[in-house]
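The residues making up each chain are set out below.
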Amino acid sequence: NESKQRFSSPEAGSIRFGLSTIKNVGEEAEAFIGERERNGPFGSFLGCLTRCVPNARAVKALVKAGAFDEFGLSRAAMHNQAGEVLSYVRKHQDSCPASHWKDCSENSSSNQSGTPQAGTPQAENCQDRPEPPAVEDRPEWPPTRRFRAEREVAGIYTTGQPIDAFPGLVKLYDEETWRRDRPYRGASDYKARCGAILSVSEATTRKDMHKCNRPPS
C-alpha cells in the first residue's frame, strides 16, 4: 500500500522496495500503483486482486517478497490460494459488462469482498457474478523457506536474516568479539563472519569428474 515503482525513502534512514524491481512483477506494478492512487489503499488480498486483475506470476512473486503481509494472511495461505482467487477474479470480470467493470471494481473496494454491494447499480449489472472464494489462513512457511523465497524474487532477505535464529553464535564469533578474544589469530587482519547455508548443490569438475559441493548461485 505504500511502495512505488522504484526504490523510495519514505523517511530518513529507511528504504522501501519498488514493486517493479521484484522478479516477475515488472510492468504489473503499474496496475497496483495506479489503482491505489485512483481509489485508495487496499484492505484485503481478495479485494486487491479483484481491483487490479494481475497475472499469477506477479501475484506469487509479491507474496514471496512480503508485499501482502499487512492483509492478515500467511504467505503460505496467499501463495497456495492465489490461483483460486485469480480464477474467481477473471470469472467476475467476464460476468460484468465491460462498460461497468471499472465502476464494479471501484465499488468493491469499499467492502473488500471482490463483489459490488447489494442494491447498487453495479450489482444490478453483474447478476451472474460468481461467489467469491473463502480465503482461509494457513500455517506460515518455516523461516528457511520464507528467506529462500524472499531472496529468489528480491535478491536479498526482506524480513531479517537466517542467522538471526542464532544470536549467541553471532555474539561469540562475529568480527570484533572473536578477533579480540583470539589475538593469536591475527587481530589486525583476520576476519570472522557468521552466515547460514540454506541449501547446497552438487557439481562435477571437468578435470577429474569428482563431485564437489558449492553454494547455489
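We now turn to the structure provided with this report.

Conventions adopted
- Residues numbered from 1 in each chain as written.
- Predicted model: local features only at pLDDT ≥ 70, side-chain atom pairs only at ≥ 80, totals over all residues.
- Heavy atoms only, no water.
- Helix = DSSP H or I, 4+ residues; strand = E, 2+ residues; numbered from the N terminus.
- Expected span 1.5 Å × (residues − 1).
- Contact = heavy atoms within 4.5 Å.
- Polar contact = N/O pair within 3.5 Å; in protein donor to acceptor, adjacent residues only side chain to side chain.
- Core = buried A, V, L, I, M, F, W, Y, C linked by side-chain atoms within 4.5 Å.
- Buried < 20%, exposed > 50% of the residue type's maximum accessible area, 1.4 Å probe, protein only.
- Axes fitted to C-alpha atoms, helices over the stretch in contact; angles between N-to-C directions.
- Parallel < 35°, antiparallel > 145°, perpendicular 65-115°, else oblique.
- Left-handed = near helix turned anticlockwise from the far one by under 90°.
- Nonpolar A, V, L, I, M, F, W, Y, C, P; charged D, E, K, R; others polar.

1. Quick look at helix α1 (residues 28–39)
Here comes step 1: Counted at 1.5 Å a residue, the expected span for α1 with its twelve residues is 16 Å, and the 17 Å between its end C-alpha atoms agrees.
Here comes step 2: Taken together, the buried residues of α1 touch α2 (45–52) and α3 (56–65).
Here comes step 3: Backbone geometry just after α1 places G40 at a positive phi near 95°.

2. Let's talk about the side chain of R75
Here comes step 1: In this fold, R75 is placed in helix α4 (residues 75–95).
Here comes step 2: A distance of 2.8 Å separates a polar atom in the side chain of R75 from a polar atom in the side chain of D69.
Here comes step 3: In this structure, R75 is in contact with V63, K64, A65, G66, D69, E140, W141, R146, E150 and T159, ignoring residues within four places of it in sequence.

3. What to know about the nonpolar core
Nonpolar side chains in soluble globular proteins generally cluster together in the buried interior.
Here comes step 1: In terms of nonpolar packing, the biggest core is built from 30 residues, with I22, F45, C48, L49, V59 and F68 touching the most fellow members.
Here comes step 2: The set of elements that each furnish at least two residues to this core consists of α1, α2, α3, α4 and α7 (143–154).
Here comes step 3: Contact partners of F45, with chain neighbours within four places excluded, come to V59, V63, F68, F71, L73, M78, A82, V85 and V135.

4. Examining the packing of α3 against α7
Here comes step 1: Remark: α3 packs on α7, axes separated minimally by 8 Å, with the N-to-C direction vectors making an angle of 125°. Relative to α7, the element α3 is oriented oblique. The handedness of the crossing between α3 and α7 is left-handed. Together, A61, K64 and A65 of α3 and A149, E150, E152 and V153 of α7 make up the contact between the two elements.
Here comes step 2: Residue composition of the contact of α3 with α7, grouped by class: four nonpolar, no polar and three charged.

5. Quick notes on unusual backbone geometry
Here comes step 1: In this structure, N24 is a non-glycine residue whose phi angle is positive, near 75°.
Here comes step 2: With respect to the element layout, N24 can be found in the segment before α1.
Here comes step 3: The exposure class assigned to N24 is partly exposed, which follows from its relative accessible area of 33%.
Here comes step 4: Residue V53 is not a glycine yet carries a positive backbone phi of 50°.
Here comes step 5: Within the fold, V53 resides in the loop between α2 and α3.
Here comes step 6: Taking the relative accessible area as the measure of exposure, V53 reaches 24% and is therefore partly exposed.

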